[in-house]
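Structural overview
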Amino acid sequence: VAAVSGAVLLVASTTLVAVVLTRLLGGDRGDSWSGALAAVVVALPVWAIHVRMRVGELRRARMAGAAAWVTRLYRYGATFTGALVLAFGAAGLIGTVLSLLVGRPDFGPGDTWWRNAVAGDAAAILAGSVAWLVHWRDASGTIRDAEAIGEDDRQTRLRAVYFGAVLVVMAGLVAFAVASAAADLGRWVLGSVS
């Protein structure tokens, strides 16, 4: 329940922030702020109640077996998802700013194409940052309280997989962004030389 309501909350809050930022920047986005706000209003309390219950249970009783690994899977999965949304938003924002500075004719007519892109990327950065920070603090608190609550998360394979996945995905994202930027720069240089 926490994972599903958290996913709905992440998508809806990203959409809501993107719509607000797009309107502040003077762009036009097809998304409705009312639908996104309704999803946030419903998903936030559901997510908060279930996470609070899980944290309370974790502090009252030692968890073992499926109860322990499912809890860890949610914690590190949600932390990874927040980091991924943040990273893709940052990469998109950097790409958009570079495209705006260099100029790309394939974005279509007008000079306002960047407003929707910047708003969407900034919304992803904000929502991803909040999701990552909330879940990372939860993971850090669990590690800090390991003596009181049972098995130490620092020794689990899931934590190692989380850090390995973060490193692999972030390195891949950086490599893709560098290759994309180099290709755009090459097209720009070749286009300006002709």
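Residues numbered from 1 in each chain as written. Predicted model: local features only at pLDDT ≥ 70, side-chain atom pairs only at ≥ 80, totals over all residues. Heavy atoms only, no water.

Now for a nonpolar patch on the surface. There is a patch of nonpolar side chains on the surface, built from I94, V97, L98 and L101 and spanning about 390 Å² of accessible area. With respect to the helices and strands, I94 occurs in helix α3 (residues 66-102). (Patch = residues over 30% accessible without salt bridge, like charges linked within 9 Å, V, L, I, M, F, W, Y side chains within 5 Å. Areas by Shrake-Rupley, 256 points an atom, 1.4 Å probe, with all protein chains shown as cover. Salt bridge = Lys/Arg side-chain N within 4 Å of Asp/Glu carboxyl O. Helix = DSSP H or I, 4+ residues; strand = E, 2+ residues; numbered from the N terminus.)

Take the packing of aromatic side chains next. Tallying each qualifying case throughout the model produces 1 aromatic pair. Measuring from ring centre to ring centre gives 6.2 Å for W132 and W136, while their planes differ by 5°; the resulting arrangement is stacked. You can see W132 and its partner W136 sitting in helix α4 (residues 113-144), 4 residues apart, about one turn around the helix. Its relative accessible area of 28% is what places W132 among the partly exposed residues. (Phe/Tyr/Trp six-rings, centres within 6.5 Å; stacked < 30°, edge-to-face > 60°. Buried < 20%, exposed > 50% of the residue type's maximum accessible area, 1.4 Å probe, protein only.)

This part takes up the environment of L158. By secondary structure assignment, the location of L158 is in helix α6 (residues 157-193). Sequence-wise, L158 and Y76 are 82 residues apart; in three dimensions their C-alpha atoms are separated by 7.5 Å. With residues near it in sequence (within four places) discarded, L158 still touches W69, R72, L73 and Y76. (Contact = heavy atoms within 4.5 Å.)

A few words now on the environment of L185. Note that L185 resides in helix α6. Sequence separation between L185 and L98 is 87 residues, and the spatial gap between their C-alpha atoms is 9.6 Å.

Another point: the nonpolar core. Counting residues in each nonpolar core, the largest one holds 11 residues, listed as A2, L9, A12, L16, A36, V40, A43, W47, V51, Y74 and A78. At the level of elements, α1 (2-25), α2 (33-60) and α3 are the ones that each hand at least two residues to this core. For this core, the leading source of residues is α2, giving 5 residues. Among all residues touching V40, those that are not within four sequence positions of it are L9, A12, S13, L16 and P45. One finds Y76, F80, A139 and Y162 within the second-largest nonpolar core, a separate group that totals 5 residues. (Core = buried A, V, L, I, M, F, W, Y, C linked by side-chain atoms within 4.5 Å.)

With that settled, consider the pattern of salt bridges. Inspection of every chain in the model, using the stated rule, returns 1 salt bridge. Ionic pairing is found between R75 and D138, a salt bridge with its closest N-O pair at 3.6 Å. One end of the pair, R75, is in helix α3; the other, D138, is in helix α4, with 63 residues separating them in the sequence. Comparing R75 with D138, the two get one shared label, buried.

The next thing to look at is the environment of V46. By secondary structure assignment, the location of V46 is in helix α2. Taking the C-alpha atoms as reference points, V46 and V4, separated by 42 residues in sequence, lie 9.7 Å from one another. Excluding residues within four positions of it along the chain, V46 makes contact with V1 and S5.

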